[in-house]
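Fold and geometry: a report
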Amino acid sequence: QVQLVESGGGLVQPGGSLRLSCAASGSISSIVIMGWYRQAPGKQRELVATITTGGSTNYADSVKGRFTISRDNAKNTVYLQMNSLKPEDTAVYYCNARRSPVPYDYWGQGTQVTVSS
């Protein structure tokens, strides 16, 4: 089992910044990729960014150039630095960890990000 605990959400004005953190614990040696997803009211959950154990990253087009995903392997923590935030970034952000070789997705409890003036 893997446990994921997110932190760092909140209310920010348009153009502002936030940093989300996701601390992983448990059987983390089985995790090959971690990432952030988000779900806005009335919409499906969507990919925001992912990072592999080797450090390769992938971003949704809507956040490229504004968001940066990173990881601290010593702390078993993944971060999402969000800059130039827009109202359309408002959503619940979920941390995800994907296991291998038997594929399975672990999810955090979610953290609310609200971008509003």
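Below: a short report on this structure.

Rules used in this analysis
- Residues numbered from 1 in each chain as written.
- Predicted model: local features only at pLDDT ≥ 70, side-chain atom pairs only at ≥ 80, totals over all residues.
- Heavy atoms only, no water.
- Pairing = 2+ DSSP bridges.
- Helix = DSSP H or I, 4+ residues; strand = E, 2+ residues; numbered from the N terminus.

A closer look at the pairing of strand 9 (residues 91-99)
Bridge analysis of strand 4 (residues 31-39) against strand 9 gives 8 bridges, and the strand direction is antiparallel. Paired with M34 across the two strands is A97, which belongs to strand 9. Direction of pairing for strand 9 relative to strand 11 (residues 111-115): antiparallel, over a ladder of 3 bridges. Counterpart to A91 in the pairing with strand 11 is V113. Pairing analysis gives 4 bridges linking strand 9 to strand 10 (residues 104-107), with the strands arranged antiparallel. From the neighbouring strand, N96 faces strand 10, where its bridge partner is W107.

Purely geometric numbers; function is a separate question.
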